[in-house]
Amino acid sequence: MSNATPGPAPLRVLCVDDEPGIRFVYENEVPLIAEGSVTVVADGVKAIAALDAAVAEGKPYDAALIDLRMPGGVDGWGVADHLNNVSPNTKFVICTGHGDLPEAKRAMEYGALRFLEKPLQMPELGEAFAHIRELKALEQWPEEDRPKPVKLKTDDRDFIGSTPAMLALKKKIAKFAPTDASVLILGETGTGKEVVAKAIHASSKRAGGPFVAVNCGALPEHLVESEFFGHRKGAFTGADQPRKGLFEAADGGTLFLDELGELPKPMQVKLLRFLESSEIRRVGENETFTVDVRIVCATNKDLDEMARDGEFREDLIYRVNTFELDLPPLRERAEDIPALCSFLLSRLAGKRVGEEAISPRAMDLLQSHEWSGNVRELANALEHASILAEGQIQPEDLPTPVTRRSVAGNVGLKLANTGDFEGYANAPAPTYGDVPKTLREIEQEVILHTLDRHDGDKPATAKELGIALKTLYNKLNAYEAKRAAG
Ligand SMILES: Nc1ncnc2c1ncn2[C@@H]1O[C@H](COP(=O)(O)OP(=O)(O)OP(=O)(O)O)[C@@H](O)[C@H]1O
């Protein structure tokens, strides 16, 4: 995954209109509403010259507002035609005082993003530019960062646990899975919520369909709607097909919405509408259509509390939690640890590894650790240990927090409380045990332990560590990807 998340870029806009009053408005208002720069010209010939000059400079316009009827031999259609030839990535809006249905249709055929009738309304122009900015940002969003359907691997179906709580959970999964009802999975970070979502999908009649997982907190906020619902044909550079959204990608299968509590409020309304109607509408299109998608959600947040604080829609909670599953933290099921170790070590090694790969003393430590990061932290600890171990895993092969729990927490507190470097000089030097560690490993420990102290609350963790929430997600994803890559 790339870390680049494009934000809204300033737009370069070309406006052409023969009415001086409108040009005055464009010159003064467009830089503000488009959050960029504007070139304003009075006729089609000048517009064509401006388009050519921008292309020759290697800086084609992002957007154009084009009047239809203009003197001088080149009308708005001529400008749109030229624009399509020399500057196809420039999104354009037709603005006319003589709008009728055939012209509006023709504008769409030319690839216009919108057809606005004069007198122009500022809110409409504002919406048009917001749409253009979103399209630009989507075009810059690396394809590999987009959530995609995954093919489930065999071990994705494995859901280890035989303590009474886990057996009860498995029984519930077996009952819920075959229905199409929505399921809300609750649990601390790393407890296996995604594993459970995959198990539900794999045991449902949708098992042959796609499983699409999306982390609601990791989607750039201004792209959420396009990402979920897709975009109409032609709205994109080189898009002769509509861009499919996540709902469409999951058609016939399951859409897993991880970190549901992070879903922006406007999208909460749209998700609710989808759950009520099964209908979606691509951004920029008027038609709706139906998709057959089962929604499974997960969160480590208290949604009821969020609803009380006005941060989450109460009616959406009732829609997504037809069935609710509560995953116990690992510290409450230490008896599962030996089997989990065997599973996780086998996954790392690519072959079956038994519990005897861990010495009894090391296993004691593993079973008495707090596991704030739950099974994910256990998987990381085992990866660490399996690299260091020569033969059977011994206590000294385990990461320091497992053998000496407080160290990383101290470092985290110091990071949070020290405004400058002086605090470090007065604080006791941190120790990291006998095993040498890289800065990256220490950082990972600090992050996971800070996350623990905040009970998996990622925004609070990011705040304490002084990093962007997105950076925190990227780091957690990177740990996960590194682990998955073995
Ligand atoms: N019961 C389990 N059996 C096997 N593996 C598990 C189990 N629970 C968790 N894991 C493993 O632990 C890691 C974290 O699991 P998962 O991503 O499902 O957690 P999560 O609760 O969704 O985390 P987050 O809240 O951070 O999204 C994964 O590598 C997963 O394979």
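Once a new chain begins, its residue numbering starts again from 1 and follows that chain's sequence as written. Note on the predicted model: pLDDT of at least 70 is required for a residue's local features to be given, and 80 or more for side-chain atom pairs to be given and counted; whole-chain, interface and lining totals, by contrast, use all residues. Note: side-chain values were computed over all heavy atoms of the structure, leaving out hydrogens and water.

**As for the overall build of the protein chain**
- Put simply, DSSP marks the helices as runs of H or I at least four residues long and the strands as runs of E at least two long, and each gets a number from the N terminus on. The number of helices and strands found in the protein chain is 21 helices and 13 strands.
- In what follows, residue pairs with any heavy atoms lying within 4.5 Å of each other are defined as contacts. For the protein chain, the share of sequence-separated contacts (at least 6 apart) that also reach a separation of at least 24 residues comes to 73%.
- A total accessible area of about 22,700 Å² is found for the protein chain, and carbon and sulfur atoms account for 52% of it. Computed by Shrake-Rupley with a 1.4 Å probe, the accessible areas treat only the displayed protein chains as cover when residues are assessed.

**Things to note about the site of the ligand**
- Not every one of the 20 residues close to the ligand is listed here, only the nearest: Ile-160, Thr-189, Lys-193, Glu-194 and Arg-347.
- Polar contacts, as counted here, are pairs of nitrogen or oxygen atoms within 3.5 Å of one another; within protein the pair requires one atom able to donate a hydrogen and one able to accept it, and residues that are adjacent in sequence qualify only if both atoms are side-chain atoms. Glu-194 is positioned such that a nitrogen or oxygen atom in its backbone is 3.0 Å from an oxygen atom of the ligand.
- Taking 630 Å² as the accessible area of the ligand by itself, protein coverage stands at 94%.
- Split by residue class, the shell around the ligand holds six nonpolar, four polar and 10 charged.
- In terms of domain composition, the shell around the ligand takes at least three residues from each of domain 2 (149–326) and domain 3 (331–485). Working definition: residue near molecule or strand if any one of its non-hydrogen atoms lies within 4 Å of it. Only Asp, Glu, Lys and Arg are considered charged, only Ala, Val, Leu, Ile, Met, Phe, Trp, Tyr, Cys and Pro nonpolar, and every remaining residue, Gly among them, polar. Reported domain spans reflect what an automatic or database domain assignment gives.

**Here's the deal with the environment of Ile-442**
- Looking at the secondary structure, you find Ile-442 in helix H19 (residues 439–453).
- Through-space distance from the C-alpha of Ile-442 to that of Thr-400 is 9.7 Å; in sequence the pair is 42 residues apart.

**A word on the UniProt feature "modified residue: 4-aspartylphosphate" (unreviewed entry) in the protein chain**
- UniProt positions are given in the numbering used here, feature names are shortened, and annotations may be inferred rather than shown by experiment. Under the feature "modified residue: 4-aspartylphosphate" (unreviewed entry), the UniProt entry names Asp-67.
- Mapped onto the secondary structure, Asp-67 falls in strand E3 (residues 63–67).
- If sequence neighbours within four positions are ignored, Asp-67 has contacts with Val-16, Asp-17, Asp-18, Gly-76, Cys-95, Thr-96 and Lys-118.

**Some thoughts on the pattern of salt bridges**
- By definition here, a salt bridge exists when the distance from a side-chain nitrogen of Lys or Arg to a carboxyl oxygen of Asp or Glu is within 4 Å. The final tally for this structure, using the stated rule, is 20 salt bridges.
- For Lys-118, the salt bridge goes to Asp-17, with nearest N and O atoms at 2.6 Å. Of this pair, Lys-118 sits in the loop between strand E5 (114–117) and helix H5 (122–140) while Asp-17 is found in the loop between strand E1 (11–16) and helix H1 (20–33), placing the two residues 101 residues apart along the sequence. One exposure class covers both Lys-118 and Asp-17, and it is buried.
- Linking Glu-19 and Lys-118 is a salt bridge whose minimum nitrogen-to-oxygen distance equals 3.9 Å. The buried label applies to any residue whose accessible area, calculated with a 1.4 Å probe on protein chains only, is under 20% of its type's maximum; exposed applies above 50%, and partly exposed to all values in between.

**Some points on the sheet that holds strand E2 (residues 36–41)**
- Pairing between two strands is assigned when DSSP locates at least 2 bridges connecting them. An order of E2-E1-E3-E4-E5 is seen for the five strands of this open sheet, with the pairing classed as parallel. With partners counted over all chains shown, the strands left at the sheet margins are E2 and E5, one partner each. Sheet twist, expressed as the average angle between the axes of neighbouring strands with direction ignored, equals 20°.
- Strand direction decides the pairing type here: E1 and E3, joined by four bridges, are parallel. Residue pairing across strands places Val-13 opposite Ala-63, the latter belonging to E3.
- Each of E3 and strand E4 (91–96) is contacted by helix H3 (residues 76–86), which is oriented at about 155° to E3, the strand it contacts most. Every axis corresponds to a line fitted to the C-alpha atoms, with the helix fit spanning only the stretch in contact, and the corresponding angles, defined between N-to-C directions, vary from 0 to 180 degrees.

**A word on helix H7 (residues 193–202)**
- Most of H7 is tucked away: seven of the 10 residues are buried.
- By the burial criterion, the buried members of H7 are Lys-193, Val-196, Ala-197, Lys-198, Ala-199, Ile-200 and His-201.
- Those residues of H7 that are buried lie in contact with helix H6 (164–176), strand E7 (183–186), strand E8 (211–215), strand E9 (254–258), strand E12 (294–299) and strand E13 (323–326).

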